[in-house]
Amino acid sequence: MRRLRERKIRPLLAEHSVRKEDLVMPLFVDQTASRPVPIGSMPGQFRYPLSDLPAVAGRLFDAGIRAVLLFGIPVEKDDQASQAYHPGGIVQAAVRSIHTAVPDMVIITDVCACEYTSHGHCGIVAPGRNGPDVQNDLSLDLMAGIAVSHAEAGADIVAPSCMLDGMVAAIRNALDENGFSEVLIMSYSTKFSSALYGPFREAADSGFSFGDRGTYQLPPSNAREALMESRLDAEEGADILMVKPAGLYLDMVAEISGFGLPVAAYQVSGEYSQIKAAGERGWIKEKEAVMESMLCMKRAGADLLITYFAEDIAGWLDEEQ
């Protein structure tokens, strides 16, 4: 076997590789910011003001990155997430800005309410059997309205992340009824209730004021339930399925890639911050750890790699040529 691993031979026989076209860069757009605001728990990442987006998107496109995933931080929040679907909302404005500046960039928008609600949960909250909780069916119209507003602004792909039952069907029906049948749905179809989302909550100002998200996100222990979630979203009309987080759940990526739809793997904020922190301390080599993680996601069956390292990876790929 070692004959196959000789230095010059290895590249010829590589079973998987990472391409720039695989990469999706998440971006945080802050309606309250006048300059880039560093995210303390995510070194190297920023909340960008709307005015900076054309230059940021242009820089990413020039680097070879062909898709961005947008998260918005609004000026005002309320219990109905009204800024999430407002035509002049921050994500809607961001989509228009990027679409004008970089027409060939694929624009993906996060469809959720947690950044826009005063309580920080991912939908409409009302009293439930065991206290206040997100009400599933009451929240579906909200998600459909957010998705349509993003499509009206020019989004190419909408990405519902709230893990509500029936969210894909509700959004697909709303998009089709409003003349947006060409807009894709990338569903956060298998999203676990993970401890690795902490830095994101700082980045997106999306912490919750009570309880947790365990009633609508998946328990890490449940594989059958996780597969069922993605299978149901596929049946409802999802175009792309997603596993989140990526690194600890590559078994799910591998299983879901067998469904026949493209699969996105999201290397989440906590995964990014862990690698960054260890790299800064000299405990691991950052570049090697990042590229290994990307190759493992590809090997498991991922088609799209959503990662905050996207711009770094594009540069590293250039260095190898």
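Everything discussed here concerns the structure shown above.
Residues numbered from 1 in each chain as written. Predicted model: local features only at pLDDT ≥ 70, side-chain atom pairs only at ≥ 80, totals over all residues. Heavy atoms only, no water.

Caption draft 1: Geometry of the overall build of the protein. When helices and strands are tallied, the protein shows 10 helices and 12 strands. Taken against the 2.2 N^0.38 rule, which gives 20 Å for 321 residues, the C-alpha radius of gyration of the protein at 19 Å falls within 12% of a compact globule. Summarising its shape, the C-alpha atoms of the protein cover approximately 65 × 45 × 40 Å along the three principal directions. Within the protein, buried positions represent 53% of all 321 residues. Within the protein, contacts between residues separated by at least 24 positions form 73% of all contacts whose residues are at least 6 apart in sequence. Split by element, the accessible area of the protein, about 14300 Å² in all, is 50% carbon and sulfur. Both charge centroids of the protein, one from 28 positive and one from 44 negative side chains, sit 11 Å from each other. (Helix = DSSP H or I, 4+ residues; strand = E, 2+ residues; numbered from the N terminus. Rg over C-alpha atoms; globule rule 2.2 N^0.38 Å. Buried < 20%, exposed > 50% of the residue type's maximum accessible area, 1.4 Å probe, protein only. Contact = heavy atoms within 4.5 Å. Areas by Shrake-Rupley, 256 points an atom, 1.4 Å probe, with all protein chains shown as cover. Lys, Arg positive; Asp, Glu negative; His and termini not counted. Charge placed at Lys NZ, Arg CZ, Asp CG, Glu CD.)

Caption draft 2: Region of the structure containing the nonpolar core. Counting residues in hydrophobic clusters, the biggest one holds 110 residues, and the most contacted among them are Met186 and Ile313. With 9 residues, the single largest contributor to this core is helix α3 (residues 136-153). Residues contacting Met186, with those up to four places away along its chain left out, are Ile108, Ile157, Val158, Ala159, Pro160, Ile240, Met242, Ala264, Leu304 and Ile306. (Core = buried A, V, L, I, M, F, W, Y, C linked by side-chain atoms within 4.5 Å.)

Caption draft 3: Examining the environment of Arg35 more closely. Among the structural elements, Arg35 can be located in the loop between β1 (23-30) and β2 (37-38). Separated by 49 residues in sequence, Arg35 and Ala84 place their C-alpha atoms 22 Å apart.

Caption draft 4: Region of the structure containing the pairing of β1. Most of β1 is tucked away: 8 of the 8 residues are buried. Of the two faces of β1, the one carrying Leu23, Met25, Leu27 and Val29 and the one carrying Val24, Pro26, Phe28 and Asp30 are both buried. Pairing of β1 with strand β12 (residues 304-306) involves 2 bridges; the strand directions are parallel. Pairing of Val24 across the sheet is with Ile306, part of β12. Pairing between β1 and strand β4 (residues 67-73): 6 bridges, direction parallel. The residue of β4 that forms the bridge with Leu27 is Leu70. Pairing between β1 and strand β3 (residues 46-48): 2 bridges, direction parallel. Each residue of the ladder has a partner; that of Phe28, found in β3, is Arg47. (Pairing = 2+ DSSP bridges.)

Caption draft 5: Here's a closer look at the pattern of salt bridges. Scanning the model with the defined rule gives 9 salt bridges in all. Lys298 is the partner of Asp22 in a salt bridge, and the nearest nitrogen-oxygen pair spans 3.3 Å. Taken together, the positions of Asp22 in the segment before β1 and Lys298 in helix α9 (residues 286-300) put the pair 276 residues apart, joining distant regions of the chain. The same class applies to Asp22 as to Lys298, namely buried. Its salt-bridge partner being Asp239, residue Arg172 comes within 3.7 Å of it at the nearest N-O pair. Pair noted here: Arg172 is in helix α4 (residues 167-177) and Asp239 is in the loop between α6 (223-236) and β10 (240-244), with a separation of 67 residues, a long-range link. Arg172 gets classed as buried once you look at its relative accessible area, which sits at 11%. (Salt bridge = Lys/Arg side-chain N within 4 Å of Asp/Glu carboxyl O.)

Caption draft 6: Broad picture of unusual backbone geometry. Residue Lys244 is joined to Pro245 through a cis peptide bond whose omega torsion reads -5°. Relative to the helices and strands, Pro245 is located in the loop between β10 and α7 (250-256). The backbone phi angle of Met163 is positive, close to 60°, even though this residue is not glycine. Mapped onto the fold, Met163 is located in the loop between β8 (157-160) and α4.

Caption draft 7: Local environment of the side chain of Thr117. Take Thr117: it is sitting in the loop between β5 (106-111) and β6 (125-128). With relative accessibility at 1%, the residue Thr117 sits in the buried group. Excluding residues within four positions of it along the chain, Thr117 makes contact with Lys77, Asp78, Asp79, Ala81 and Gly123.

Caption draft 8: The pairing of strand β9 (residues 184-191), seen in detail. Counting buried residues along β9, 7 of its 8 residues qualify, which places the element largely inside the surrounding structure. Regarding topology, α4 serves as the crossover connection from β8 to the parallel β9, and that connection is right-handed. With 4 bridges connecting them, β9 and β10 associate as parallel partners. Note that in β10 the partner of Ser187 across the bridge is Leu241. (Right-handed = clockwise from strand over helix to strand, strands pointing away.)

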